[in-house]
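Architecture and fold: a report
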Amino acid sequence: MILGIETSCDETAVAVLDDDGSVRINLIASQIERHQPFGGVVPEIASREHLQHLFPLITRALTDAKLSWKDVERIAVTAGPGLIGALLVGVAGAQGLAYGLGLPLVPVNHLEGHIFSPYLQREGASIALPERFLSLVVSGGHSSIYDVRRGIITMLNRTRDDAIGETFDKVAKFIGLPYPGGPQIEKHANGGRIDRKRFHFAMPQFNEKSADFSYSGIKAGAIRLAREHGISATGDPQLLADFCATFQEALIDQLFDRLEVIWSQLETPRPTEVAVAGGVAANTAVRERLSAWAAKREVIVRLPEKRYCTDNAAMIAFAALQKPEGATDPRRVSARSRVQ
Ligand code: KG4
Ligand code: ZN
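The rules behind these values
- Residues numbered from 1 in each chain as written.
- Chains lettered and ligands numbered in written order.
- Predicted model: local features only at pLDDT ≥ 70, side-chain atom pairs only at ≥ 80, totals over all residues.
- Heavy atoms only, no water.
- Donors = N, O, S within 2.8 Å, 3.2 Å for Na, K, Ca; no water.
- Tetrahedral: all angles 85-135°; square planar, octahedral: opposite > 155°, others 65-115°.
- Helix = DSSP H or I, 4+ residues; strand = E, 2+ residues; numbered from the N terminus.
- Buried < 20%, exposed > 50% of the residue type's maximum accessible area, 1.4 Å probe, protein only.
- Contact = heavy atoms within 4.5 Å.
- Axes fitted to C-alpha atoms, helices over the stretch in contact; angles between N-to-C directions.
- Parallel < 35°, antiparallel > 145°, perpendicular 65-115°, else oblique.
- Nonpolar A, V, L, I, M, F, W, Y, C, P; charged D, E, K, R; others polar.

Glancing now at the coordination of the zinc ion (ligand 2). Only H110 (NE2), H114 (NE2) and D311 (OD) from the protein reach the zinc ion (ligand 2) as donors, at distances of 2.0 to 2.1 Å. Angles of 95 to 133° at the metal separate the four donor atoms of the zinc ion (ligand 2), which places the site in the tetrahedral class. One chain supplies every donor to the zinc ion (ligand 2), and in sequence these donors are spaced H-x3-H-x196-D. With H110 and H114 both in helix α4 (residues 110-116), this residue pair falls four residues apart, about one helical turn. The same class applies to H110 as to H114, namely buried.

Below, the discussion takes up the environment of I262. Note on placement: I262 falls in helix α8 (residues 237-265). Owing to a relative accessible area of 4%, I262 belongs among the buried residues under this scheme. Sequence separation between I262 and S210 is 52 residues, and the spatial gap between their C-alpha atoms is 9.2 Å. Apart from residues lying up to four places away in sequence, I262 is in contact with I145, L156, N157 and A211.

Packing of helix α7 (residues 216-229) against α8 leaves a shortest axis separation of 11 Å and a crossing angle of 170°. Judged by the angle between their axes, α7 and α8 are roughly antiparallel. Between α7 and α8, the contacting residues are I218, A222, L225, A226 and H229 on the first element and L239, F243, F247, A250, L251 and Q254 on the second. Considered class by class, the residues forming the contact of α7 with α8 number nine nonpolar, two polar and no charged.

Okay, here's the thing in structure tokens:
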């Protein structure tokens with residue numbers, strides 16, 4: 001069995017998985033309420049909350065799953081990227097445990113955790129990884145499309161400025177919606193009959209036909225429209241709904257515009273599966289669009305369960321299982337805020 005630990009941002013998370021990838025237990029202590037008064041994650045508060053919650057959560061995970069330390073053979077921990085002070089709590093905790101118990105430690109790249117998470121489907125079983133799949137990672141910190149072959153990950157594009165989740169969050173904050181903004185925008189976007197012509201967002205394009213994302217233009221456009229029309233969380237609900245729906249659609253349109261460019265550039269045979277991961281993968285419109293996109297191209301679509309979209313430790317332990325050679329002496333592991 002493998003114990004997974006994730007503390008890269010604002011969720012303290014612990015999970016235990018069997019070696020075949022089935023999830024014994026997956027616990028998350030969310031700090032969202034502690035950060036909400038500030039409209040975003042405060043790194044110092046995040047570190048302190050992780051310190052307070054990590055060890056009680058590990059104890060609870062073992063107790064609730066009716067396991068003891070004797071059952072744990074390996075520990076996996078997010079080593080980066082993320083907030084350095086937050087990562088350090090998880091890494092130092094995992095190092096201490098692994099060293100003290102004489103267990104190997106597997107440092108895991110947080111992004112790899114997200115990339116493989118669509119294959120962690122049900123409690124009790126996971127789907128075997130295919131030879132190859134296309135992965136869309138859409139989170140608060142990252143927006144990228146990857147080609148994953150036999151577990152080897154090649155980045156096909158990236159965002160040149162903001163990540164998609166970050167854009168949801170910043171615009172939501174501007175109009176007075178609570179953090180995190182993505183689910184809030186989604187909730188208001190589904191509020192009744194929507195006038196899709198009331199607001200217009202331009203699709204940003206680069207001259208050289210690059211497949212890179214750029215979300216800062218949509219963010220600036222949204223803030224300008226919100227200011228001009230006086231859109232706010234406490235204002236006219238219909239105006240708010242129309243704004244949230246068209247803004248969300250503009251973000252998603254760009255995702256699919258770039259996916260199409262990448263798809264057209266991929267040599268045949270192309271991947272036969274497409275997967276989406278990260279917090280924004282919890283968005284119903286994103287899931288529906290990807291399902292429709294995949295059906296049209298006769299490609300299998302993999303959507304992670306919503307609890308595995310946002311940060312969790314099951315995905316960290318699962319990613320470690322894909323790399324058996326990653327286990328190392330716990331003293332050699334270090335936290336890194338940026339990872340290439
Ligand atoms: O993957 P995640 O938990 O953390 C990072 O690694 O970044 O992603 C968090 C992001 C936030 O920006 C949040 O607003 C967004 O995911 N998010 C959503 C939804 N749920 C979470 N965005 C749009 N629609 C949602 N339902
Ligand atoms: Zn994440």
